[in-house]
Amino acid sequence: QQQVKQSPQSLIVQKGGISIINCAYENTAFDYFPWYQQFPGKGPALLIAIRPDVSEKKEGRFTISFNKSAKQFSLHIMDSQPGDSATYFCAAGNMLTFGGGTRLMVKP
Amino acid sequence: GAGVSQSPSNKVTEKGKDVELRCDPISGHTALYWYRQSLGQGLEFLIYFQGNSAPDKSGLPSDRFSAERTGGSVSTLTIQRTQQEDSAVYLCASSLDGRRVFFGPGTRLLVL
């Protein structure tokens, strides 16, 4: 049972554009929602995280939007740069149930 | 400070052989996780340790897979009688609070 569904699987964005990745979860007991960034050959690294008692969290160019009633959350990357090209994973809960990943390519 | 380290970084083995993968978590981190990532795929949860105990082994794909953790620190993931479908990157992660989880670089396993 896939408890976290992530979309799209791949995304191509022009430099300077906005990248948006979406996740939907099923288990209402989840209380922590991180996003991880993974470069080829490396392990995932925590990018930004949110708790369900807030609707938005912003860190630099990265923003998480959280909709508790819809059981959805999304990652927005503003002013996307070629260096942001990586695979992004959403996750939920203490055990880190992961979404399937989104491969982002930012074209110069 | 040192992050999570894993060894070996790469392992090539023959079908039917046993392999051991090692994880050294960040010092003081009580929680330790193992995940598997197949080529171009997402992260599959395998097992979780809190201290030396494994309260959640639900992700282990078969009885060929086992893991242990000693001294609340180093963990070993053992795969017996490896199969070609075991080929993947095995990632270890550790956490102090069960929230901020830090991943190691992974062990790339290839079963021929």
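Residues numbered from 1 in each chain as written. Chains lettered and ligands numbered in written order. Predicted model: local features only at pLDDT ≥ 70, side-chain atom pairs only at ≥ 80, totals over all residues. Heavy atoms only, no water.

Visitor: Where do I start with the overall build of chain A in this structure?
Guide: Broken down by element type, chain A carries zero helices and 11 strands. Overall, chain A shows an N-to-C arrangement of helices and strands of β-β-β-β-β-β-β-β-β-β-β. A compact globule built from 108 residues should have a C-alpha radius of gyration of about 13 Å, and chain A, at 13 Å, falls within 12% of that. Its C-alpha atoms give chain A principal-axis dimensions of roughly 40 × 25 × 20 Å. (Helix = DSSP H or I, 4+ residues; strand = E, 2+ residues; numbered from the N terminus. Rg over C-alpha atoms; globule rule 2.2 N^0.38 Å.)

Visitor: Just to check I follow, could you spell out the sheet that holds strand β7 (residues 62-67) of chain A for this structure?
Guide: Backbone hydrogen bonds are what pair the strands of a sheet, in a parallel or an antiparallel way. Residues and elements named next belong to chain A. Strand order in the open sheet made by the five strands is β1-β3-β8-β7-β6, with antiparallel pairing throughout. Each edge of the sheet is formed by a strand with only one pairing partner; in this case those strands are β1 (4-7) and β6 (56-59). Pairwise comparison of adjacent strand axes, ignoring direction, gives a mean angle of 15 degrees for this sheet. By the bridge criterion, six bridges tie strand β3 (residues 19-25) to strand β8 (residues 72-77) in an arrangement that is antiparallel. Counted as the bridge partner of A24 is Q72 from β8. (Pairing = 2+ DSSP bridges. Axes fitted to C-alpha atoms, helices over the stretch in contact; angles between N-to-C directions.)

Visitor: Would you explain the pairing of strand β11 (residues 102-107) of chain A in this entry?
Guide: Each regular strand shows side chains that alternate between the opposite faces of the sheet. Residues and elements named next belong to chain A. Because side chains alternate across β11, one face comprises the buried residues T102, L104 and V106, and the other comprises R103, M105 and K107, none of which is buried. Pairing analysis gives five bridges linking strand β2 (residues 10-14) to β11, with the strands arranged parallel. Residue I12 lies in a different strand from β11, and its bridge partner there is M105. With three bridges connecting them, strand β9 (residues 86-92) and β11 associate as antiparallel partners. Its bridge partner being in β11, A86 is matched across the sheet by L104. (Buried < 20%, exposed > 50% of the residue type's maximum accessible area, 1.4 Å probe, protein only.)

Visitor: In this structure, what is going on with the state of the cysteines? I would like to understand it.
Guide: Joining two cysteines, a disulfide is a covalent bond between their sulfur atoms. Residue and element names in this part refer to chain A. This structure, assessed with the given rule, holds two disulfides over all chains. A sulfur-sulfur distance of 1.8 Å marks the disulfide that ties C23 to C90. As the torsion about the S-S bond is roughly -90 degrees, the C23-C90 disulfide counts as left-handed. Here C23 is found in strand β3, whereas its partner C90 is found in strand β9, with 67 residues between them in sequence. With respect to class, C23 is no different from C90; both count as buried. (Disulfide = S-S within 2.5 Å.)

Visitor: Sorry if this is basic, but what is going on with the interface of chain B and chain A here?
Guide: By a widely used convention, the size of an interface equals the accessible area lost when the partners come together. Contacts between the two partners involve 19 residues from chain B and, on the opposite side, 18 residues from chain A. Between chain B and chain A, the buried area comes to about 1500 Å², and carbon and sulfur atoms account for 55% of it. Broken down residue by residue, the surface that chain B buries against chain A is led by L43(B), R99(B) and F103(B), which jointly contribute 42%. On the surface where chain B and chain A come into contact, there are one salt bridge. The salt bridge partner of R99(B) is D31(A), with a shortest N-O separation of 2.9 Å. Only β4 (31-37), β5 (43-50) and β10 (101-103) of chain B provide two or more residues apiece to the side of chain B that touches chain A. For the side of chain B that touches chain A, the class distribution of residues is nine nonpolar, six polar and four charged. (Contact = heavy atoms within 4.5 Å. Buried area = accessible area lost by both parts, 1.4 Å probe. Salt bridge = Lys/Arg side-chain N within 4 Å of Asp/Glu carboxyl O. Nonpolar A, V, L, I, M, F, W, Y, C, P; charged D, E, K, R; others polar.)

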